[in-house]
Every structure is written in structure tokens, then in C-alpha cells.
Protein chains: 2
Amino acid sequence: MHILITGAAGMIGRKLTERLARDGALNGRAIDRLTLTDIVAPAPPAFAGSVDVSAADIAAPGEAAKLVAGRPDVVFHLAGIVSGEAELDVDKGYRVNLDGTRALWEALRAAGHRPRVVFTSSIAVFGAPFPAAIADDFHLTPLTSYGTQKAMCELMLADYTRRGFVDGVGIRLPSIVVRPGKPNKAASGFFSGIIREPLAGQEAVLPVAETVLHWHASPRSAVGFLIHAAGLSREEVGPRVNLTMPGVCCTVGEQIAALRRIAGDKVAARIRRAPDELVMRIVDGWPSRFDARRALALGFRVEATFDDIIRAHIEDELGGKIAA
Amino acid sequence: MHILITGAAGMIGRKLTERLARDGALNGRAIDRLTLTDIVAPAPPAFAGSVDVSAADIAAPGEAAKLVAGRPDVVFHLAGIVSGEAELDVDKGYRVNLDGTRALWEALRAAGHRPRVVFTSSIAVFGAPFPAAIADDFHLTPLTSYGTQKAMCELMLADYTRRGFVDGVGIRLPSIVVRPGKPNKAASGFFSGIIREPLAGQEAVLPVAETVLHWHASPRSAVGFLIHAAGLSREEVGPRVNLTMPGVCCTVGEQIAALRRIAGDKVAARIRRAPDELVMRIVDGWPSRFDARRALALGFRVEATFDDIIRAHIEDELGGKIAA
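Residues numbered from 1 in each chain as written. Chains lettered and ligands numbered in written order. Predicted model: local features only at pLDDT ≥ 70, side-chain atom pairs only at ≥ 80, totals over all residues.

Looking at the packing of helix α6 (residues 189-199) of chain B against helix α9 (residues 252-263) of chain B
Residues and elements named next belong to chain B.
Working step 1: One way to put it is that α6 packs onto α9 with a least axis distance of 10 Å and a crossing angle of 20 degrees. Taken together, the axis directions place α6 and α9 in an arrangement best described as roughly parallel. Between α6 and α9 the crossing geometry is right-handed. Across the interface between the two elements, I194, I195, P198 and L199 from α6 touch Q255, I256, L259 and A263 from α9.
Working step 2: When grouped by side-chain class, the residues that make up the contact of α6 with α9 number seven nonpolar, one polar and no charged. (Axes fitted to C-alpha atoms, helices over the stretch in contact; angles between N-to-C directions. Helix = DSSP H or I, 4+ residues; strand = E, 2+ residues; numbered from the N terminus. Parallel < 35°, antiparallel > 145°, perpendicular 65-115°, else oblique. Left-handed = near helix turned anticlockwise from the far one by under 90°. Contact = placed C-beta atoms within 7 Å. Nonpolar A, V, L, I, M, F, W, Y, C, P; charged D, E, K, R; others polar.)

Following this line, the structure appears as C-alpha cells:
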């Protein structure tokens, strides 16, 4: 089995690559070839089979066709620029997130072998005002250019799947928490930061109220979603190929309480309150709770509690150790 | 006031042009210039002001920029290929309906004067299975390439409006009935045909059961929707710029009963039943009833009954006369 991963140098892409390389199989079928690409060349994983890594801009003419020339059986399309950048640079956002994705769908259509395509969409396809829990049939109302581009790609994926050009599944990821690595400038960064920095002995800044409610899943769950999506049959998915993933819904206060339960008062005390009007306003427009019953019925699974999300971070990123 | 109409040679485009030329004003502001374009040059209307007509393919490089060089205050974007053609020719559908529309949004963004844009979308952005009445917050689930392209353009219109590049309103038209002219190959053609042909003394073919429920508005109402949409303030519309228009929901049997009431048994007897499995299957996937409360609250108005739709046709197309 040959697997193509775009955006393979990103956080989720790296974790997915590592998992596939380690398992040597995807949903029971042995993997013999990995094609990994991103705007910068991904690091090749330790893997017994064949690995091609490349730096490519899939929106550039001919690049997508080159990537799919090896006729991958499964394509994980994770490449894209993030929300903040898409909002700052309109042209780049539409070029990379929409035109790049469309170029990939077109290249796969031209290749003609109808691979399973797993596309990472986002809950940013939804925009306020929201009902108490966003159902699977809630309309697409993005309030960012990023969310708009993701929604447009979802629609095209559904159409190209219906027409038999690709065999698509789009998954709308919750906020992925706890993100490993350094703090970043994303408005959502604090959701990870208030857990990651205290566990590493550092101070974290909390720019919003503890009452803020949000929808979370661990990086480990995100990889699980991708792998599960690759294994679903066309019949199970049906014509509505884009699915809101399950998540853990909790407030910032509940996140902090979970941190305190797991790591103690001293660690939780490393969170400094510094209200930021801009971040508060941005976060206000985000969805916070979903009724993801279709994904659950299809077998997608997420952590049961935020405690589990913290434990996954400690196991996967900290070797089980917390900074006292 | 300068008005640009794309798709001005089409049925709705011609009627909108005639109405604007006759009124000489749009929502209380005098019109001094009309720019009319389509893939074939529209016929210039009798109009006191300046009229430019042109044949243009807005998807072709530079064409959209030329069209908006005169900085129109209001743009009615009706151009596009129809559902059946978009389904048969994937590339043409995406090129004309998506890329052409995007080129227009981009040209308006580049022009920088932020005109009101009224975009004709379609209830084809929705696909079965449906609730009993489709609410304004029902998700976009097109089951045709045409519906997909319209939904993608809606999303982009909302984003470009939010960013201040254009001032957009998208209106999802019901099936427009009674279409004047010759029978066409559209699967929906019979909804008009079973009224139009009998009133003109011709036989009409009915390919579906009388229980089929559908969502209708007259061409006169469609023009009314466009004009009303042009006059709404940005504040009234808000961030959800795409609106399902009101319609008359009735069964084919109710359509025929209305025809009998207005024109008599002899006229209604000109409908011949000839069930067609393909048409039945296509029509089965179409939405039939909407809860268009947002549009109604914003002042959009449609006929109260199907009788009124037939009367509008007799007045507007038949000079008040029915073939005995």
C-alpha cells in the first residue's frame, strides 16, 4: 500500500507519519511506500519500506500531478496555511488552501484510480451565532477566510466523490490540544499553553475568562481520526462526506481543574491571568460544542475527559514526567 | 446610478433589464447607465440613459476587469451555465460557474469601490435527505456539480463581503415557473410546461406523479427578489449574506387544479401523463419546502398561491389571453 501525506512536516503530519511508519500498516493492510511532502521537505521517518520526501507547493502548476504520479492508494491531505495567516494574506490563503487543494483533487481525477482521500477540514467552517450544540446538519457559516476556504474544499470533495473522481472523507478537527513545542501566535494558542508551559516548569498566560467553553482533542486522537477515516467504506460514509469529529467540551476553568488534579497546585499556579480584549473577541466567534453523532456512530473516538488529554500529552511528549 | 448585469441575455436577465429600463430607477435612485453582458450580446433595451452591451466570457483572463472598469454601483451577477450542462461537462461548469464568478469578485475587489453585488444562487445548494421544511440554518449538501459551484460562490461572496471587498447578497431562487418560451431539456421543465403548453393550446407531458411537491416563484417575483436584494442595507443582511427566497409550495396536482380553476377543464385536459423513471429519480433529490423566514422578515415577497403564478404568466406573457 502506498500512502501520500501532504503537510507531512506539520505537527499532525509528523505524528501521523511516525504512527504509520511504526505500525507498518493502515487498517490491516501493509504499507510498502510513503510519499511525504510539504512546503519544506519533511524529515524521513524510520521505516522499512520506500520513502520519498519532497518540498512542493501543490498550488504551483504541475506539482500536484507529480505528487500523485505514483498512484497512492490513500492520500492524507493536511497541507494548508493556518487561520491567522489566511486572514492576513487573502491571496495566499485562497491560493494555498483552495487552489492547492483543488489542484490535488484535479490531479487525482486525472490519475483516474480513485484513491481514498482524507482531508483535514476544521470547525472554522462554522461561525457564530450558534445553537447550544452544533448538529451535523448545521449550515456552513465561516467567519474567517480560512474557514471559507476549508468549506469550499469540503464541497468540492463531496462533488468529486459523488462523481467517482476520488473517494473522499473530510474531517473537521476540534482544536488540537495540547500542541507540543513553543508557544505560537495563534489566538487559540493559550488552550495548549496553559497546560504545556506549567507542566514544563514555565509560566503561561491566560488571555480569556475561565468560563470560555471550547472543543478539544489530543494530537493522538487527531491521528486516530485520520486513520479511522482512511478505513471507512464508501457505503458507511454516504454522500455527506464531511464529518465533524467528536471532541471534549470543557471550559478553561475545567481545563485548569484537570491540570490541578493531575499535576498539583504548584503547577496550576504557573498560569497568569492577563485578559486580552482582542483574543477574547476572536474566541467569542468560535464554536464551542458539537453534537457529533454521525462521527460517533461511524466509530470515531476521542478522549472521554480533559484529564485524558493532559495524560496523553504527558505520555507522548514528556516521557511521563512533570516539572515539579 | 450605473448597473451591471451579467447573464443579461438569459430569461431572468432580460426581464430584469426590461424592468430597470422601464422604471428608470432602482430602489428610488435614478439609473443613468446600464452595462449588459452575456456569452452572447444581450439585446439593448429601450432606455433613455447610456447602454453598453457586450458578449463576454467572464472566466477568460481580463474580461471581468473590463466589465467593472466603469465602476458599477450595483452588479447583478446572473451569468452561469445551467444544472444539466454543469453535470454533463464538469470542467465547463467549474470554469464558468466557479472561476467566472470568482474572477468577477476579484475584479470588483481590485476596483476597490465596494459595490452592492446581487448573486443568483439556487436551492440546488441543498440536497436530500431533507427535513419537512428546510430552515435557514440547514447545511449545504448539494448533490449536483451545479449546486456545489453555487455553494462555493456563496461562501466566497460571504467572505469577500465580510472583508469589505464587495457588498454582497446571495439569493437562492426557487424553481422559476412559468418559464416563457419553448420547452427545454431541463429535468424541471415540466413544472412550467404543464401550465405553459395547455394555456397556448398545446399538449404538455407530465413525467412525474401528481404528489410531487415543489417550490415555485414566478419570473416576475424573481425580478422582484433581485431588486429588493439590491436595496437592503448591509446592517439588515448581516454576516449571513446568502438567503433562501420565499416560494409557493405545492404539488403537481395542486398546480393542475389551479390551472383548471383559471382556464377550465378543456385546457387542463391537455396534460398527458407519461411517467419517466429518470426524471422522477432526479426530482426526488430536490428540496420541496423551505422555511424562508429570514427572507420574509427582510421583506422579500412572492405570490400567495399557484393561481397567482399562473395569472402572472397570463398577464406578462400572453397579453391576458388563454387559448380556448
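Overview of the interface of chain A and chain B
For interface size, the figure often reported is the accessible area lost on association.
Working step 1: At the interface, 19 residues of chain A touch 19 residues of chain B.
Working step 2: When residues in the side of chain A that touches chain B are grouped by element, the largest group, eight residues, is from helix α5 (residues 145-162) of chain A.
Working step 3: A class-by-class count of the residues in the side of chain A that touches chain B yields 10 nonpolar, four polar and five charged.

Re α5 of chain A
All names here are of chain A.
Working step 1: For α5, spanning 18 residues, the distance from its first C-alpha to its last is 26 Å, which sits close to the expected 26 Å at 1.5 Å a residue.
Working step 2: A large share of α5 lies buried, amounting to 17 of its 18 residues.
Working step 3: Once α5 finishes, G164 follows within two positions and takes phi at roughly 85 degrees, a positive value. (Expected span 1.5 Å × (residues − 1). Buried ≥ 20, exposed ≤ 12 C-beta atoms within 10 Å, placed from the backbone.)

A look at the domain arrangement of chain A
Residues and elements named next belong to chain A.
Working step 1: Its domain assignment divides chain A into domain 1 (2-174 + 218-244) and domain 2 (189-215 + 247-290 + 302-317).
Working step 2: If you average the C-alpha positions of domain 1 and of domain 2, the two centres end up 27 Å apart.
Working step 3: Across the side of domain 1 that touches domain 2, the residue classes tally to nine nonpolar, four polar and one charged. (Domains from an automatic or database assignment.)

Here we look at the sheet that holds strand β11 (residues 213-217) of chain B
Working step 1: Across the sheet, three strands lie side by side as β9-β11-β13 (chain B); this open sheet has mixed pairing. The open sheet terminates on both sides in strands that have one partner only, identified here as β9 (175-176) and β13 (248-251) of chain B. (Pairing = 2+ DSSP bridges.)

A few points about helix α9 (residues 252-263) of chain A
Residue and element names in this part refer to chain A.
Working step 1: Under the 1.5 Å per step criterion, the end-to-end length of α9 is 16 Å for 12 residues, consistent within 8% with the ideal 16 Å.
Working step 2: Within the span of α9, buried status applies to V252, Q255, A258 and L259. Down the axis, α9 shows its buried residues gathered within 115 degrees of arc, on one side only.
Working step 3: The inward-facing, buried residues of α9 contact α6 (189-199), β10 (204-206), β13 (248-251), α10 (265-268) and α13 (306-317).
Working step 4: Backbone geometry just downstream of α9 places G264 in the positive-phi region, at approximately 95 degrees. (Arc of directions from axis to C-beta.)

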